[in-house]
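# Topology and contacts: notes
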Amino acid sequence: MVQLTALVALSLNALLASSASLAARKDSKTHGVTCGCDLKKSTTVSMHLPTNQTALVQPTTPPRYVAIGVGYQNYTCNSATSTFASIGAVATLFDLSCIEGKSDFETIAQRSYNVWISPAEGHAKADVVGAKVGTPSILGYHYFINSPTTAGAINAKWDFTSTGSHKGDATAFVVGAKVGNIPAPAPADPKVTVDWLMLNGIPGFDALASQVFRVDTVGGQPPASCAAGAAPIQVKYVAKYFLY
Ligand SMILES: *[C@@H]1O[C@H](CO)[C@@H](O)[C@H](O)[C@H]1NC(C)=O
Ligand SMILES: *[C@@H]1O[C@H](CO)[C@@H](O)[C@H](O)[C@H]1NC(C)=O
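Remember, predicted model here, so these are calculated numbers, not experimental data.

Parameters at a glance
Residues numbered from 1 in each chain as written. Chains lettered and ligands numbered in written order. Predicted model: local features only at pLDDT ≥ 70, side-chain atom pairs only at ≥ 80, totals over all residues. Heavy atoms only, no water. Near = heavy atom within 4 Å. Polar contact = N/O pair within 3.5 Å; in protein donor to acceptor, adjacent residues only side chain to side chain. Areas by Shrake-Rupley, 256 points an atom, 1.4 Å probe, with all protein chains shown as cover. Helix = DSSP H or I, 4+ residues; strand = E, 2+ residues; numbered from the N terminus. Nonpolar A, V, L, I, M, F, W, Y, C, P; charged D, E, K, R; others polar. Buried < 20%, exposed > 50% of the residue type's maximum accessible area, 1.4 Å probe, protein only. Pairing = 2+ DSSP bridges.

### Describing the site of ligand 1
- Around ligand 1 sit Tyr72, Asn74, Ile87, Val90 and Gln234, and those are all the residues in its vicinity.
- Within the side chain of asparagine 74, one N or O atom sits 2.5 Å away from an oxygen atom of ligand 1.
- Considering ligand 1 on its own, with 360 Å² of exposed area, one finds that the protein chains cover 49% of that surface.
- Only strand S1 (65–78) and strand S2 (83–95) provide two or more residues apiece to the shell around ligand 1.
- A class-by-class count of the residues in the shell around ligand 1 yields three nonpolar, two polar and no charged.

Following this line, the structure appears as structure tokens:
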């Protein structure tokens, strides 16, 4: 009898587990998640915002996507001030949904950066870095476009239209406008490492996400000054992007 009860409990558990995974899969499909891993159950705590600031506000819902971006911050020399000014960035976005909440997730930005700047990697493209740190699946690309709302300005775009399960879905992108930033918190050096950011999706250009955070940044800052007439530069960086 005891054995029978155990057996019934076991098969009930199996049934519950399989219906739970079915529900998760259905949900993933609804949300178009590339990787099989469901972020809906994740709490928002995997994005560790400093508590001593109000510029970046922790959302109360789980993220739709979490990616590691590997690429370049680009700068041009402003001859008047002899300082570099940002002219955008370009990065490959690797899906982190399957390691979210695990210890690997906490170290992935630094590990990716180490690979990205390693001389041994030579001229390796950003696209291959994910595979070298255990997160090979490309969600999409991050780059800048002429602002759809402000003439002469540029805006950041996260574009999933050409990769993964969104391939061919022309609406799978978000264009963001920056609404908050903080210097990269300790132990990062904000002179070397770019700010953490909060961006809102621009209405009409926000089908993929309504809010984007850039956190856990490594690298990307230009030298403190430049000589007038110096050529544009590209500085390697890595960041985690949370899309809500
Ligand atoms: C930024 O630099 C990368 C790497 O050199 C380049 O592919 C990209 O076109 C540049 N983008 C801009 C806006 O300068
Ligand atoms: C807030 O805390 C971070 C470390 O988490 C530190 O790097 C930063 O300097 C602090 N900011 C202020 C304004 O005190």
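### Concerning the pairing of strand S8 (residues 233–243)
- Judged by how many residues are buried, S8 sits mostly within the fold: eight of eleven residues are covered.
- Relative to S8, S1 runs antiparallel, the two being bridged by eleven bridges. Residue pairing in the sheet places tyrosine 75 in a bridge with isoleucine 233 of S8.
- Relative to S8, strand S7 (residues 211–219) runs antiparallel, the two being bridged by six bridges. Its bridge partner being in S8, phenylalanine 213 is matched across the sheet by phenylalanine 242.

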